[in-house]
Amino acid sequence: MALPSFWSEARVGILLLSVLSLLSARLVGAGQDSGSVIPAESRPCVDCHAFEFMQRALQDLKKTAYSLDSRTETLLLRAEKRGLCDCFHAIH
């Protein structure tokens, strides 16, 4: 009978040690996190970040569109020039 009571006491002891270690880990973690919290007044809102990101994306799109437009215009001028040169060479 001494054997089952030892195991039941060992289980209770292990359970208590586990609970105490979890509680102490939470208390230590909570103490460390509380010092790094930035007040809400000094943080920019998520919407502001999203707006800035969208503004930069729109500017990049405008630059890309302008670049594509310029490139298309250059290619069209080359094609017209090539067509005129081919036509001119065919006449002479």
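Residues numbered from 1 in each chain as written. Predicted model: local features only at pLDDT ≥ 70, side-chain atom pairs only at ≥ 80, totals over all residues. Heavy atoms only, no water.

To keep things clear, this is the line we draw: UniProt positions are given in the numbering used here, feature names are shortened, and annotations may be inferred rather than shown by experiment.
The name given to the protein in an unreviewed UniProt entry is NELL2-interacting cell ontogeny regulator 1, with the source organism recorded as Vidua chalybeata. Among the UniProt annotations of the protein, the heading Sequence similarities (unreviewed entry) holds the following wording: "Belongs to the NICOL family." UniProt lists a comment for the protein under the heading Subcellular location (unreviewed entry), and it reads "Secreted".

1. Looking at the overall build of the protein
Note the cut-off: Each helix is a run of H or I in the DSSP string that is no shorter than four residues. Each strand is a run of E no shorter than two, and both are numbered from the N terminus. Any residue under 20% of the maximum accessible area for its type is buried, any over 50% is exposed, and the rest in between are partly exposed; the area is computed with a 1.4 Å probe on protein chains only. Accessible areas in this description were obtained via Shrake-Rupley with a 1.4 Å probe; residue shielding takes into account the shown protein chains only.
Along the backbone of the protein there are 2 helices and 0 strands. Among the 92 residues that make up the protein, the fraction classed as buried is 0%. A total of about 8900 Å² of accessible surface is found on the protein, and carbon and sulfur atoms cover 68% of it.

2. Some points on a nonpolar patch on the surface
Quick note on the threshold: Each patch is built from residues lacking any salt bridge and having more than 30% relative accessible area; the joining distance is 9 Å for like charges and 5 Å for nonpolar side chains (Val, Leu, Ile, Met, Phe, Trp, Tyr). Each reported salt bridge corresponds to a side-chain nitrogen of Lys or Arg within 4 Å of a carboxyl oxygen of Asp or Glu.
Nonpolar side chains collect at one region of the surface, where L15, V19, L20 and L23 lie side by side and expose about 390 Å² of accessible area between them. Inspection of the secondary structure assignment puts V19 in helix α1 (residues 2–34). Using a relative accessible area of 41% as the deciding quantity, one classes V19 as partly exposed.

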